[in-house]
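# An overview of the molecular structure
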Amino acid sequence: MLIAAFALLIGISTPALAEPVAFAAAPARVVAAPPVYGNADYLLDATSGKELLAKNAGERMPIASITKVMTAYIVLKEAKLTDKVTVKAQDVQYANDGGGTTADLRGGDRVPVGDLLYGLMLPSGADAAHALARTYGPGVDAFVAKMNATAKQLGLNDTHYVNPDGLPTPHGDGYSTARDQARLAAAALSDPTFRKVTSTRHYTAPATGDHPEYNWTNTNEMLGQPGAIGVKTGFTQAAGFCLTFAADRDGHRFIGVILGEENSGRRFDTAETLLDWAGDARAR
């Protein structure tokens, strides 16, 4: 102040005092999406409803055994877990003729629905799918009609089923999209029995007078990762390797779908990477 006053007295002008400098806040840390593979990839934060990643998520594609998510969803709505389903030779023959994976059921076995759901979802038994659909259609065609009606009710407008298992047929395959299947998984995972089944790595149904002992191992290699709760694997030549996966982390449920992957193991690696990235993206 003394310098300014002295300058004024002797007629020297002084520059105006500078305004305080405003420093902009540092930009939020951007966590780039990891590389994804397959023909379609999708990741949803089902808790917030936010789509985190979408690559060809609306493209209609065959989905192989991911089809069985809808089969389980309908059975859980229509059956009691204590109901017993009688396996017929035609159920076993259907799976064998179609080249599908099986739960090693035998004609004449009588299996509670609660056990048969594990045979459907863990080893991806086409025999279990056929037996359940035949029983709760009643008849396979009627059951498939229920699948398509339920898809419409859920707003899965790009989904069409032709059987309860996802095996190819001479008349064409069913189809869906990665986005539709994530939405279906979100609905199915609201059922605690479905979550329990899909998050189980190994299941044993002890022998009874109605059937021998069954031992089933889940084909989903995601299980064992933090918060993993399933959901379903799939493969056919037309569909490639497919995966619907989900995990509960930090109060959020993340659900993803990978369709048309060329490498079986890489779909699980991709899923793990996407789940880690989703957590990082939320933290930024």
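Residues numbered from 1 in each chain as written. Predicted model: local features only at pLDDT ≥ 70, side-chain atom pairs only at ≥ 80, totals over all residues. Heavy atoms only, no water.

- The chain appears in an unreviewed UniProt entry as D-alanyl-D-alanine carboxypeptidase from Microbispora oryzae.

## Concerning the pairing of strand S1 (residues 40-45)
- Of all 6 residues making up S1, 6 are buried, and the element is well covered by its neighbours.
- Neither face of S1 is open: one carries Ala 40, Tyr 42 and Leu 44, the other Asp 41, Leu 43 and Asp 45, and all of them are buried.
- Relative to strand S9 (residues 252-261), S1 is paired through 6 bridges, and the arrangement is antiparallel. Residue Asp 45 lies in a different strand from S9, and its bridge partner there is Phe 254.
- By the bridge criterion, 5 bridges tie S1 to strand S2 (residues 50-55) in an arrangement that is antiparallel. For Tyr 42, the partnering residue across the bridge sits in S2 and is Ala 54.
- Hairpin connection, S1 to S2: the antiparallel pair is bridged by 4 residues, and Gly 49 has positive phi, about 85°. (Buried < 20%, exposed > 50% of the residue type's maximum accessible area, 1.4 Å probe, protein only. Helix = DSSP H or I, 4+ residues; strand = E, 2+ residues; numbered from the N terminus. Pairing = 2+ DSSP bridges.)

## Some points on helix H5 (residues 126-136)
- Burial of H5 is extensive: 10 of the 11 residues sit out of reach of the surface.
- Turning to H5, its buried residues are Ala 126, Asp 127, Ala 128, Ala 129, His 130, Ala 131, Leu 132, Ala 133, Arg 134 and Tyr 136.
- Contact partners of the buried residues in H5: helix H2 (68-78), strand S3 (84-86), helix H3 (89-98), helix H4 (113-121) and helix H6 (140-153). (Contact = heavy atoms within 4.5 Å.)

## Overview of the packing of H5 against H6
- H6 packs onto H5 with a crossing angle of 90° between their chain directions and a minimal axis gap of 7 Å. Compared by their axis directions, H5 and H6 come out roughly perpendicular. Residues His 130, Ala 133, Arg 134 and Tyr 136 of H5 lie in contact with H6, whose contacting residues are Val 140, Phe 143 and Lys 146.
- Along the lines of polarity and charge, the residues of the contact of H5 with H6 split into 4 nonpolar, 1 polar and 2 charged. (Axes fitted to C-alpha atoms, helices over the stretch in contact; angles between N-to-C directions. Parallel < 35°, antiparallel > 145°, perpendicular 65-115°, else oblique. Nonpolar A, V, L, I, M, F, W, Y, C, P; charged D, E, K, R; others polar.)

## Side note on the nonpolar core
- Membership of the largest hydrophobic core comes to 61 residues, with the highest contact counts inside it found for Met 70, Phe 194 and Leu 259.
- Tallying contributions element by element places H2 first for this core, with 7 residues.
- Val 36, Leu 53, Phe 245 and Ala 278 belong to the second-largest nonpolar core, a separate cluster that totals 16 residues. (Core = buried A, V, L, I, M, F, W, Y, C linked by side-chain atoms within 4.5 Å.)

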